Amino acid sequence: MKLRFALGALSAAAVVLAAALPAHAGTPRLSWELKETGVTARLRGLSPVSRDVAWASGSGGTVLRTVDGGRSWENVSPPDTAALQFRDIEAFGARRAVALSIGEGTDSRVYRTEDGGRTWAEAFRNDEPKAFYDCLAFFDRRHGLAMSDPVDGRFRILATEDGGRSWQVLPADGMPEALPGEAGFAASGQCLVTAGGRDAWLASGGAERSRVFHSGDRGRTWTVADTPIPAGDAARGVFGLAFRDRHHGIAVGGDYRPDQPSPSAGAVTADGGATWRPATTPPPAYRSGVAWLPHLPFAAIAVGPSGSDVTWSGGRSWETFDSGSFDTVSCTPDLTCWASGEGGRVARLTLR
């Protein structure tokens, strides 16, 4: 069984950045403000829309929605999906969202709602036994991609041009060949990310080298570059990516196994992923999720089972500010960030 199923039990976590820092402010102190969700599954899919609206998805076919800034959560899970794991979700408001379930064969599916989760439509069900979809990402309200582990030696890309209502497998001839054992990690919904209207990046591991693939034409053709993130076996590689524009990106990862020494892992790019440099002071252990803080161009947060870290230098140097467990983190332009982890934890990030 693939490691994605070893990564599972729910929590939702919320982080709110109340206001932009004044220009004269010094380095702020970060802390988590824990909340209650009333859930016991594990959320690894996360899509905040605004200060008030956010969606999260996870194990047991769970999909949650809040419209009051995380004070209360509504379970809007699609019916008859308790056996599925919704590892990624992309939302476009309080009513519309697209959720991806992972797994081999027909367990990989895409569901879509336009009424806040009261009803769902199954938009895609995988019929390729070798495929295992890991992540999805959207460029805008209509154009999006989903990625599968390699099929016949190449990562498989699924595309939509109608907001997730229908999906088509893109031709494989624009994708470089995968390395033996290479795959994506469905750990945080961040193994596939976008920036702008046409650029996408795909993270990989499980092989002798960890790599990041880049497309500048919405997934039709791709290039690939090695990263300094630790690799060499099936549990190591790049787990999460974040790009604040077409050029500047951060990669995090490492070794997810809790019983193994986890090498620290962080890397940065300033050329759209053509080259990657290791962080001078990386996060101290495996991290699965990463997000840029809004309106602070050199600030980002990385999260993982053993703690949360912040960088004020664009990913070159990191410092730990919390030892609790979270799986993914995401922020919105209106200064609200959300994170999800294990054990039913919900948290709000505060700056002092």
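As a reminder, the structure under discussion sits directly above these lines.
Throughout this description, residue numbers start from 1 for each chain and increase along the sequence as written. For a predicted model such as this one, the threshold for reporting local features is a pLDDT of at least 70, and the threshold for listing and counting side-chain atom pairs is 80 or more; totals across whole chains, interfaces and linings nevertheless cover every residue. Note that the side-chain values use all heavy atoms of the structure and ignore hydrogens as well as water.

*Asks:* An account of the overall build of the chain is requested, with residue identities and associated values reported.
*Replies:* The number of helices and strands found in the chain is zero helices and 29 strands. Restricting the calculation to C-alpha atoms gives the radius of gyration, and the globule rule supplies 2.2 Å times the number of residues raised to the power 0.38. Whereas a compact globule of 352 residues would reach a radius of gyration of roughly 20 Å, the chain reaches 18 Å, a difference of no more than 12%. Along the longest, intermediate and shortest principal axes, the C-alpha atoms of the chain span 50 × 45 × 40 Å. Any pair of residues with heavy atoms lying within 4.5 Å of one another is described as a contacting pair. Within the chain, contacts between residues separated by at least 24 positions form 55% of all contacts whose residues are at least 6 apart in sequence. If you sum the accessible surface of the chain, you get close to 13100 Å²; carbon and sulfur atoms cover 49% of it. Think of it this way: Lys and Arg go in the positive column, Asp and Glu in the negative one, and His and the chain ends go nowhere. Throughout, a charge is located at the NZ atom of Lys, the CZ atom of Arg, the CG atom of Asp or the CD atom of Glu. Computed over 37 positive and 39 negative side-chain charges, the inter-centroid distance for the chain is 4 Å. In DSSP terms, a helix is any run of H or I states spanning at least four residues, a strand is any run of E spanning at least two, and both are numbered starting from the N terminus. Calculation of accessible area relied on Shrake-Rupley with a 1.4 Å probe; when residues are assessed, cover is drawn exclusively from the protein chains displayed.

*Asks:* Help me get a handle on the nonpolar core, residues and values and all.
*Replies:* In these notes, a set of buried Ala, Val, Leu, Ile, Met, Phe, Trp, Tyr and Cys residues joined through side-chain atoms within 4.5 Å is what counts as a nonpolar core. The buried label applies to any residue whose accessible area, calculated with a 1.4 Å probe on protein chains only, is under 20% of its type's maximum; exposed applies above 50%, and partly exposed to all values in between. One finds Leu145, Leu202, Trp222 and Leu241 to be the most contacted residues of the largest nonpolar core, which totals 31 residues. Of all elements in the fold, only strand E11 (132-138), strand E12 (144-151), strand E13 (154-160), strand E15 (192-195), strand E16 (199-203), strand E17 (211-215) and strand E19 (236-243) reach the threshold of two or more residues within this core. Ignoring anything within four residues of it in the chain, the contact list for tryptophan 222 reads Leu145, Ile157, Gly174, Met175, Pro176, Leu192, Ala200, Trp201, Leu202, Phe213, His214 and Ser215. Within the second largest apolar cluster, 16 residues are counted, among which are Ala299, Val310, Phe321 and Ala339.

*Asks:* Talk me through the sheet that holds strand E21 (residues 266-269); I want residue IDs and the actual numbers.
*Replies:* Strand order in the open sheet formed by four strands is E19-E20-E21-E22, and the pairing between neighbours is antiparallel. Where the open sheet ends on each side, the last strands, each with one partner, are E19 and strand E22 (277-278). Relative to E21, strand E20 (residues 249-255) runs antiparallel, the two being bridged by four bridges. Looking at E21, one finds that alanine 251 is bridged to alanine 267. Should DSSP find at least two bridges between two strands, the strands are taken to pair.

*Asks:* Let's hear about the pattern of salt bridges: which residues, and what values?
*Replies:* A carboxyl oxygen of Asp or Glu within 4 Å of a side-chain nitrogen of Lys or Arg is what we treat as a salt bridge. What the rule picks out here adds up to 20 salt bridges. The closest approach of N and O atoms between aspartate 199 and arginine 246, which form a salt bridge, is 2.7 Å. Here arginine 246 lies in the loop between E19 and E20 and aspartate 199 lies in strand E16, a separation of 47 residues in the sequence. Exposure remark for arginine 246: the relative accessible area of 46% places this residue in the partly exposed category. A salt bridge links aspartate 233 to arginine 257, with the shortest nitrogen-to-oxygen separation between them at 3.1 Å. Of the two residues, aspartate 233 is situated in the loop between strand E18 (223-226) and E19 and arginine 257 in the loop between E20 and E21; the sequence distance between them amounts to 24 residues. Given the relative accessible area of 26%, aspartate 233 is considered partly exposed. When its relative accessible area of 25% is taken as the criterion, arginine 257 is described as partly exposed. When salt bridges that share partners are traced, they join Arg42, Arg44, Asp327 and Glu342 into one network.

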